[in-house]
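Residues per chain are reported as follows:
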Protein chains: 2
Amino acid sequence: MRADVPLPKAYLLLNHGPVTLVSSRDGARTNVMAASWAMPLDFDPPKVAVVIDRNTLTRELVTASGEFALNVPPRSLAATVLDVGSVTGREVDKWARFGVGALAATRIAAPLVAGCIAWLECRVLDERATEQKYDLFLAEVVAASADDRVFSAGRWHFGDEQLRSLHYVAGGQFFTTGESHAVGAAAQAPPA
Amino acid sequence: MRADVPLPKAYLLLNHGPVTLVSSRDGARTNVMAASWAMPLDFDPPKVAVVIDRNTLTRELVTASGEFALNVPPRSLAATVLDVGSVTGREVDKWARFGVGALAATRIAAPLVAGCIAWLECRVLDERATEQKYDLFLAEVVAASADDRVFSAGRWHFGDEQLRSLHYVAGGQFFTTGESHAVGAAAQAPPA
């Protein structure tokens, strides 16, 4: 079940480096694409950084609306990650073509991707020079939620193989997030 | 054995989102810290983005020298990742205190961390406003190498559990990189 994640814990949804789906909307037009190049940028208020290529429809929708969502797909959606990464939203409605479900977000107009295990609703920060030069978008996370079967009380706890997050390499090769290991007695987070 | 990775393949060393160690040098002073917030930024020439907090010694050394290395530690170095992330290089020589070995880099003066499985030698791009405002450094990768037991011919192939890369969460919790899955027949990389 989708449950709210307190904003100061939102970075935990991306900290381990999973592949993401970027969903966006401008008016009646919506799209979804895959992005491995996404990471936390700050804790509180939470921020993220994500690369969105200048030739994508997503780029156009994000620039026009100033919003997007980062969705963390589980292994069961691995084929969908490849599918939405293999065609452009300018030519096909990826939601319909690939049977991708949409959920309403709470703070932004862009839809969330159904069947994902975590969602970060983001508003773009005004850094046009960085966008233009590097295709790099910086954004504030304004709402976060996660599937409480795998993330609750500020921790990931993967059990079901099909609900593990994914780490994309290239050429259709993914790794699932593997075994959990606790290191150190009262271990602390490394300074970023 | 450490083997060169062609620069257009360097992004593959970070694409799956592993935790990194940032090593740096300015004159006689060197340091190493942990960073989960690092990702590829471009393919060719390869670039990376990494968050380096303004209060760290690493920040001072990177700003002074304009260089750093991103080192990808394997599971066998998990305790070291926590160790170097738990104290500041202003107070202790982390290399000596934690028995971290150093290797000579090929294109930069900063040392590389011995026992890692991949290394990206980086030169900072001149984006001071972004550094100041977000603690975010953008850099070009000028040399890359990897342990050919786990990365060769442009692919990760993890076997030995102790040589798997790590994904950091918080509070001493890591995930190892899990099982590899190939999806799609002639699958292509999702556009960034």
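Preceding block: the structure.
Since this is a predicted model, take the numbers as computed values, not measurements.

(A) How the structure looks around helix H1 (residues 57-65) of chain B. Residue and element names in this part refer to chain B. Within H1 the residues assigned to the buried category are Leu57, Thr58, Arg59, Leu61 and Val62. Here the buried face of H1 lies against strand E2 (20-26), strand E3 (29-35), strand E6 (67-72), strand E9 (118-124), helix H4 (128-134) and strand E10 (136-147). Glycine 66, located one to two residues past H1, shows a positive phi value of around 75 degrees.

(B) Up close: the pattern of salt bridges. All names here are of chain A. The full count for this structure, using the stated rule, is 26 salt bridges over all chains. Between arginine 2 and glutamate 121 there is a salt bridge; the shortest N-O distance is 3.8 Å. Note that arginine 2 is positioned in strand E1 (residues 2-4) and glutamate 121 in strand E9 (residues 118-124), a separation of 119 residues in sequence. For arginine 2, a relative accessible area of 30% translates into the label partly exposed. Note on glutamate 121: relative accessible area 1%, which makes it buried.

(C) Up close: the pairing of strand E2 (residues 20-26) of chain A. All names here are of chain A. Most of E2 sits inside the fold, with 5 of its 7 residues counted as buried. Of the pairings in the sheet, the one linking E2 to strand E3 (residues 29-35) comprises 7 bridges and is antiparallel in character. Along E3, the bridge assignment pairs arginine 25 with threonine 30. Counted along the chain from E2 to the antiparallel partner E3, the turn is 2 residues long, and its residue glycine 27 has a positive phi close to 60 degrees.

Conventions we followed
Residues numbered from 1 in each chain as written. Chains lettered and ligands numbered in written order. Predicted model: local features only at pLDDT ≥ 70, side-chain atom pairs only at ≥ 80, totals over all residues. Heavy atoms only, no water. Buried < 20%, exposed > 50% of the residue type's maximum accessible area, 1.4 Å probe, protein only. Helix = DSSP H or I, 4+ residues; strand = E, 2+ residues; numbered from the N terminus. Contact = heavy atoms within 4.5 Å. Salt bridge = Lys/Arg side-chain N within 4 Å of Asp/Glu carboxyl O. Pairing = 2+ DSSP bridges.

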